[in-house]
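# A structural walkthrough
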Amino acid sequence: FELNKNTQQSEFSQKITNPLRGASTNDTFGANVAMHDDLALIGTGSAIFVPKTTIASVYVFHHDGKEWKFIERVRNIASKDIINFADYTEGMGPPLGDCFGASLALNDKWALIGGPLENRASGELYSGSVSFYRIKERHGKKHLHLVKKVFSDDASTNLTALMNLQIRGDTVLIADP
């Protein structure tokens, strides 16, 4: 919706759908959103609405003055010491995934993406992470560049780690209840 400046009424302007071909209608696209100026982040990761897939993503859109256009899909970066999917443990049900994008924050320089169910290392359940992405321009288009990832330092925060993010200027607030 956009505000019509002449009538002061909100008007429907565009429906944004998951740009991934073959996406399920239950993929939780839009579970979390963040918007700043002409950039929007739309996440599929949700710790509340358990995703139907273990691969959560954040989609980046740019408003060109007329409409929102898809730029890129961002997924959690895996490495040797980062396990993206919760280990299946008998009695706990199937893996939930990392819920990457369950929390989002955005300003003109930074995009913060939380993965509250990400494991730091094998054997740790749900330590949670926040990925810091710098917003850069490449060939005249904005994109996200991963700069740093931080993890909760409190192993007792199971399922609540790093769920809320805020950013103002160069100050970041990460809640770790």
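The structure under discussion appears in the preceding block.
Below, the structure is looked at part by part. (Residues numbered from 1 in each chain as written. Predicted model: local features only at pLDDT ≥ 70, side-chain atom pairs only at ≥ 80, totals over all residues. Heavy atoms only, no water.)

### Some words on the layout of surface pockets
The probe, sized like a water molecule, is rolled over the atoms to show the empty space still left. Its boundaries defined by the atoms lining it, the second largest pocket holds a volume of some 190 Å³. Lining the second largest pocket we find His-62, Asp-64, Lys-69, Phe-70, Ile-71, Glu-137, Gly-140, Lys-141 and Lys-142. The set of elements that each furnish at least two residues to the lining of the second largest pocket consists of β6 (68–75) and β10 (141–151). Looking at the lining of the second largest pocket element by element, the count peaks at 3 residues for β6. The residue inventory of the lining of the second largest pocket, partitioned by class, reads 2 nonpolar, 2 polar and 5 charged. (1 Å grid on protein atoms, 1.4 Å probe; cavity = no way out; pocket = protein on both sides within 12 Å on 5 of 7 lines; lining within 4 Å. Points joined across faces, edges and corners; volume = space filled by probe spheres on them. Helix = DSSP H or I, 4+ residues; strand = E, 2+ residues; numbered from the N terminus. Nonpolar A, V, L, I, M, F, W, Y, C, P; charged D, E, K, R; others polar.)

### Description of the pattern of salt bridges
Tallied over the entire structure, the rule returns 2 salt bridges. Here Lys-142 ties to Asp-38 by a salt bridge, and the two come within 2.8 Å at their closest N and O atoms. With Lys-142 in strand β10 and Asp-38 in the loop between β3 (32–36) and β4 (39–43), this residue pair connects regions lying 104 residues apart in the sequence. The salt bridge partner of Lys-69 is Asp-64, with a shortest N-O separation of 3.1 Å. Using a relative accessible area of 36% as the deciding quantity, one classes Asp-64 as partly exposed. (Salt bridge = Lys/Arg side-chain N within 4 Å of Asp/Glu carboxyl O. Buried < 20%, exposed > 50% of the residue type's maximum accessible area, 1.4 Å probe, protein only.)

Structural measurements only, silent on function.
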